[in-house]
Amino acid sequence: MQGNEGLRSATISVLVENEPGILARVVGLFSGRGYNIDSLTVAPVDETGRQSRINIVTSGTEMVIEQIKAQLGRLVPVYRLADLTREGPHIAREMALIKVIGSGEKRAEALRIAEAFRARVIDATTENFIFELTGATDKLDAFLALMRPLGLAEVSRTGVAAIARGTRTI
Amino acid sequence: MSAAPEQSGAEVLLQALKAEGVEVIFGYPGGAVLPIYDAIFHQNAIRHVLVRHEQGAVHAAEGYARSTGRVGVVLVTSGPGATNAVTGLVDALMDSIPVVCLTGQVPTHLIGNDAFQEADTTGITRPATKHNYLVKRPQDLARIVHEAFLVARSGRPGPVVIDLPKDIMIHKAPYAPPCAEGHPSYRPRTEPEPEAIARAIAILKAAKRPIVYTGGGVINSGEEAARLLARFVRMTGFPCTSTLMGLGAFPASDPRFLGMLGMHGTYEANLAMHGADAMLAIGARFDDRVTGRLNAFSPGSRKIHADIDPSSINKNVPVEVPIIGDAGRVLASLIAAWEADPAAPDREALAAWWREIDAWRAKECLHFTQDFAKGAVIKPQHAIRRLYEITQELGREVFITTEVGQHQMWAAQHFRFEQPRHWMTSGGLGTMGYGLPAAIGVQIAHPEALVIDIAGEASILMNIQEMSTAAQYRLPVKIFILNNQYMGMVRQWQELLHGGRYAESYTAALPDFVKLAESFHATGFRAESIDQLDGVIRAMLAADGPVIADIAVDPKENCFPMIPSGAAHNDMILSAATEGRAAGITDPGLVLV
């Protein structure tokens, strides 16, 4: 079925009941049915902590992505979901903590690039920086590519949080 | 503040089950569920049926559920009790059968400590159920039980597990009735969108070669859906075919019924699917046993798919008009819209379409040759035909369950079902050992009815211990074994696809089924040849109590027609005479199951 159809990336946000096992249910659905997870974030989002929002970045053919949405939608603890990629403009951000170790010109160059990317220095020694950078996934990827020859030592990324632009809500 | 609760968790559990209308539980005791069994001992409203293996408990609950439309209830202990139930749970999941399975669990403070008979039941059953729960606080117990029944029976039905730690069952807990506002997040859609119905009617009115393809969703929707299906098919004059799961939703005796479709479906049903220009699928899920090779499946048809489960639509086959809704509500809307629509269907084209179908019918694809000479070997198809004819003479209500394999397909082909909920078979999972415990569940629900498990000698041995249950409760189930000494379907595939190398498909040292029946306080009969067949069937039907009828059938008979895996609907093997074609099966076909 999925022969010539093109792959696309989809950012899907799911509002769920914050119950034990909900993450296992979602992740199990992806692994059990052979879907991809490129990124996944989850945290409670309402004042009582009863509802959590899961943001999943996945990829597949149009038919597979529609199937993923239908499968997520029939999980009992799922309230609503939105295919942010398909349903109009949206904003997606992730945050990364990036440790760069080096000295001399490489160290100065890392700091100059960080300023250009508006990455914040949140920890420093004479041998290293830790940068905090928030942005779209491709911005983080670009920054990390530039840091690699300058002593990139370790990365911790949050995965994508996403939301629709304008007044539209999930 | 409400008063301190008076009842134990186990008593609250039983109160909630009573409020859900539960009359019977199929179960097996053990350490973790002793408080529940103690509470059962102290009441009379709910009956407990003691099975002999937890898998049997779930199949019995499935048989009960499928024959009544109610939720089947299972009670098993922790650890092995729960893991033994898993096959039954997946069976119920695949076939959309409403079951609530109560599993014992070690006390909450021991969870995760590898305690005796501890298993991660919610973890193990997460992909085996529609939903599952672990009750960690007494105040959640009643709400969860009521929610579990709602989830099990509504939307696309399915199995739900409630894992019950022993301390929760012993400590006091408050009772709360079902929540009137419904579930906060779980809201299955049952009412179809009028716009989708209108698009469907436009396609169906313009159709020249239409077909209605129905499945288990029509049966799950209820008897009204089956009545509406019959009305719609008769009103439109369209041909109608059914999946294995859907048999009985539309009467087999109606000339518009083409029989079952798919791998062992009829020639006319599969060719009509292949040649159709418009397809209305209702409550069916385009399973690989139905579609054959996907890129050759009904290539010229505009497809309408109605299902209560949005994830069933566009999963395997892209369709033009998806309709999300309950099968009965969809049919009612289709009937109303068909009548309201001024466009006239193309009666002339439909008549020409029927002439084509009648030509395919004339092939008599289910034909077989039975030799009636004294001592001649019994053909399995003939045994089922005679079972059908003789049961019809009795005028009793007949329920059929099956095991899995050739006998199951022959039963689907040769036993005819006129009403929904009278045919219980493991369709999706294909669970050998399903039929006997399912028959027990059906007989518990319908004590006066004739309940027959059409079995194979290999499958029946997978849950033969349930003979003891049948004997204990004096359940007069009739087990009709088509004994060919082989795992027949395995042997058939080995013959057609693996060069006749019959690896491990012959069963040596089969039991003497007559003596086996007697050892379980039942009656046994055996038919060795054609002249003994009718007598054994009549004796089986006349006998009180459970019976095993061991029918020795032709060990080399194959089940035809057959669409080899990976082949298209119009590429059927009709009979042994043409089966050489299977030698040309493609490599992609060979990897399929």
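On a predicted model such as this, the values are computed, not experimentally measured, just so you know. (Residues numbered from 1 in each chain as written. Chains lettered and ligands numbered in written order. Predicted model: local features only at pLDDT ≥ 70, side-chain atom pairs only at ≥ 80, totals over all residues. Heavy atoms only, no water.)

Enquirer: Just to check I follow, could you spell out the overall build of chain A for this structure?
Expert: Of the regular secondary structure elements, chain A holds four helices and nine strands. Along the chain direction, N to C, the helices and strands of chain A fall in the order β-α-β-β-α-β-β-α-β-β-α-β-β. The C-alpha extent of chain A, read off along each of the three principal axes, is 55 × 45 × 35 Å. When each of the 170 residues of chain A is scored for burial, the buried share is 42%. Nonlocal contacts in chain A, meaning residues at least 24 apart in sequence, comprise 73% of its contacts between residues at least 6 apart. Working note: accessible area of chain A is about 8,700 Å², and carbon and sulfur atoms make up 53% of it. (Helix = DSSP H or I, 4+ residues; strand = E, 2+ residues; numbered from the N terminus. Buried < 20%, exposed > 50% of the residue type's maximum accessible area, 1.4 Å probe, protein only. Contact = heavy atoms within 4.5 Å. Areas by Shrake-Rupley, 256 points an atom, 1.4 Å probe, with all protein chains shown as cover.)

Enquirer: How should the overall build of chain B be read in this particular structure?
Expert: Of the regular secondary structure elements, chain B holds 23 helices and 18 strands. For the C-alpha atoms alone, the extent of chain B along its principal axes is close to 75 × 65 × 50 Å. By the burial criterion, 61% of the 593 residues in chain B qualify as buried. Contacts in chain B between residues far apart in sequence, at least 24 positions, make up 76% of those at least 6 positions apart. For chain B, the exposed surface amounts to about 22,200 Å²; the carbon and sulfur share of it is 54%. Of the charged side chains in chain B, 51 are positive and 62 negative, and the gap between their average positions amounts to 3 Å. (Lys, Arg positive; Asp, Glu negative; His and termini not counted. Charge placed at Lys NZ, Arg CZ, Asp CG, Glu CD.)

Enquirer: What's the story with the nonpolar core in this structure? I'm lost.
Expert: Across soluble globular proteins, nonpolar side chains have a tendency to be buried as a group. Residues and elements named next belong to chain B. If you look at the biggest cluster of nonpolar residues, it comprises 109 residues, and the most contacted ones within it are Tyr213, Ile323, Phe415, Ile452, Phe480 and Ile551. When we break this core down by domain, the ones giving at least three residues each are domain 2 (194-361) and domain 3 (380-552). Excluding residues within four positions of it along the chain, Phe415 makes contact with Ile384, Leu387, Tyr388, Thr391, Val398, Ile400, Trp410 and Ile454. (Core = buried A, V, L, I, M, F, W, Y, C linked by side-chain atoms within 4.5 Å. Domains from an automatic or database assignment.)

Enquirer: What is the right way to read the domain arrangement of chain B from this model?
Expert: Residues and elements named next belong to chain B. Taken domain by domain, chain B consists of domain 1 (9-170), domain 2 (194-361) and domain 3 (380-552). Summarising the inter-unit geometry, the C-alpha centres of domain 1 and domain 3 are found 29 Å apart. Counting from both sides, the interface comprises 26 residues of domain 1 and, opposite them, 27 residues of domain 3. In total, about 2,100 Å² of surface goes out of reach between domain 1 and domain 3, with carbon and sulfur atoms giving 57% of it. It is Arg52, Arg66 and Ser67 in domain 1 that bury the most area against domain 3; as a group they hold 31% of the surface buried on that side. Between the two partners, domain 1 and domain 3, sit zero salt bridges. If you look at where domain 1 meets domain 3, you find 13 residue pairs in polar contact (both at pLDDT 80 or more). Mapped onto the side of domain 1 that touches domain 3, the elements with two or more residues apiece are β1 (24-27), β2 (47-50), α3 (54-68) and α4 (80-94). Here the side of domain 1 that touches domain 3 gets eleven residues from one element, more than from any other, and that element is α3. A breakdown of the residues in the side of domain 1 that touches domain 3 according to their chemical character gives ten nonpolar, ten polar and six charged. (Buried area = accessible area lost by both parts, 1.4 Å probe. Salt bridge = Lys/Arg side-chain N within 4 Å of Asp/Glu carboxyl O. Polar contact = N/O pair within 3.5 Å; in protein donor to acceptor, adjacent residues only side chain to side chain. Nonpolar A, V, L, I, M, F, W, Y, C, P; charged D, E, K, R; others polar.)

Enquirer: Before we go on, may I ask you to explain the sheet that holds strand β3 (residues 72-76) of chain B in this structure?
Expert: What holds strands together in a sheet is hydrogen bonding between their backbones, with the strands either parallel or antiparallel. All names here are of chain B. Strand order in this open sheet of six strands is β2-β1-β3-β4-β6-β5, and the pairing throughout is parallel. Edge positions in the sheet fall to β2 and β5 (131-134), since each has one partner strand and no second. Shown here is a sheet whose adjacent strand axes are inclined to one another by a mean of 20°, direction ignored. Strand direction decides the pairing type here: β1 and β3, joined by two bridges, are parallel. Bridge pairing in β3 links Gly27 to Leu75. The strands that α3 touches are β1, β3 and β4 (99-105); relative to β3, the one it contacts most, it runs at about 165°. (Pairing = 2+ DSSP bridges. Axes fitted to C-alpha atoms, helices over the stretch in contact; angles between N-to-C directions.)

Enquirer: How should the interface of chain A and chain B be read in this particular structure?
Expert: Accessible area lost during the coming together of the parts is what is often quoted as the interface size. Each side of the interface is counted separately: chain A has 14 residues, and chain B has 20 residues. Summed over the shared surface of chain A and chain B, the number is one salt bridge. With a closest N to O distance of 2.7 Å, Arg74(A) and Asp309(B) form a salt bridge. Remark: the boundary between chain A and chain B carries six residue pairs in polar contact (both at pLDDT 80 or more).

Enquirer: Any chance you could explain empty space enclosed by the protein here in plain terms?
Expert: Gaps left between atoms are located by rolling a probe of water-molecule size over the structure's atoms. Residues and elements named next belong to chain B. Under the criterion given, the structure shown has one cavity of 30 Å³ or more. Residue lining of the largest cavity: Ala207, Lys208, Pro210, Thr236, Phe238, Pro345, Asp346, Arg347 and Leu350, and that is the complete set. Partitioned by chemical class, the residues of the lining of the largest cavity number five nonpolar, one polar and three charged. (1 Å grid on protein atoms, 1.4 Å probe; cavity = no way out; pocket = protein on both sides within 12 Å on 5 of 7 lines; lining within 4 Å. Points joined across faces, edges and corners; volume = space filled by probe spheres on them.)

Enquirer: Help me out: how do you make sense of the pattern of salt bridges in this one?
Expert: A side chain of one charge can pair with a side chain of the opposite charge if their charged atoms are brought near each other. Applying the stated criterion to the full structure yields 41 salt bridges over all chains. Notably, a salt bridge pairs Arg8(A) with Asp83(A), separated by 2.8 Å at the nearest N-O pair. Of this pair, Arg8(A) sits in strand β1 (residues 7-17) while Asp83(A) is found in strand β4 (residues 78-83), placing the two residues 75 residues apart along the sequence. The exposure class assigned to Arg8(A) is buried, which follows from its relative accessible area of 12%. What makes Asp83(A) buried here is its relative accessible area of 0%. Of the charged contacts in the structure, one is a salt bridge between Arg491(B) and Glu495(B), with a shortest N-O distance of 2.7 Å.

Enquirer: Can you walk me through the domain arrangement of chain A in this structure?
Expert: All names here are of chain A. Each assigned domain of chain A is listed with its residue range as follows: domain 1 (7-83) and domain 2 (90-163). Interface area, domain 1 with domain 2, both sides summed: about 460 Å², of which 51% is carbon and sulfur. Scanning the region where domain 1 abuts domain 2 turns up three residue pairs in polar contact (both at pLDDT 80 or more). For the side of domain 1 that touches domain 2, the secondary structure elements donating two or more residues are β1, β2 (39-44) and β3 (51-61). Within the side of domain 1 that touches domain 2, the residues separate by chemical class into two nonpolar, five polar and one charged.

Enquirer: Could you clarify how one ought to interpret the environment of Ile400(B) in this entry?
Expert: All names here are of chain B. By secondary structure assignment, the location of Ile400 is in strand β13 (residues 398-402). The class of Ile400 is buried, set by a relative accessible area of 0%. With 253 residues separating them along the chain, Ile400 and Glu147 place their C-alpha atoms 32 Å apart. Filtering out sequence-adjacent residues up to four positions away, Ile400 remains in contact with Phe415, Phe417, His422, Trp423, Met424, Ile452 and Ile454.

Enquirer: Honestly, helix α14 (residues 347-361) of chain B in this entry has me stumped. Any pointers?
Expert: A turn of α-helix holds 3.6 residues, and therefore any two residues three or four places apart point the same way. All names here are of chain B. For α14, built from 15 residues, the straight-helix expectation of 21 Å at 1.5 Å per residue is met to within 8% by its first-to-last C-alpha distance of 20 Å. Of the positions making up α14, those classed as buried are Ala349, Leu350, Trp353, Trp354, Ile357 and Trp360. Viewed end-on, α14 has its buried residues packed into an arc of 140°, placing them on one side of the element. Turned more than 90 degrees away from the buried face of α14 sit Glu348 and Arg355, all of them exposed. Looking at the buried positions of α14, the neighbouring elements they touch are β7 (210-214), α10 (223-236), β9 (257-260) and α11 (267-275). (Expected span 1.5 Å × (residues − 1). Arc of directions from axis to C-beta.)

Enquirer: Teacher, can you tell me more about unusual backbone geometry here?
Expert: The bulk of non-glycine residues show a negative phi, and the bulk of peptide bonds are trans. Residues and elements named next belong to chain B. Cis geometry is adopted by the peptide bond preceding Pro561, which originates at Phe560 and carries an omega value of -5°. Considering the arrangement of structural elements, one finds Pro561 in the loop between β18 (547-552) and α23 (587-590). Phi at His521 takes a positive value of approximately 60°, unusual for a residue other than glycine. Tracing the backbone shows His521 in the loop between α21 (513-519) and β17 (523-527).

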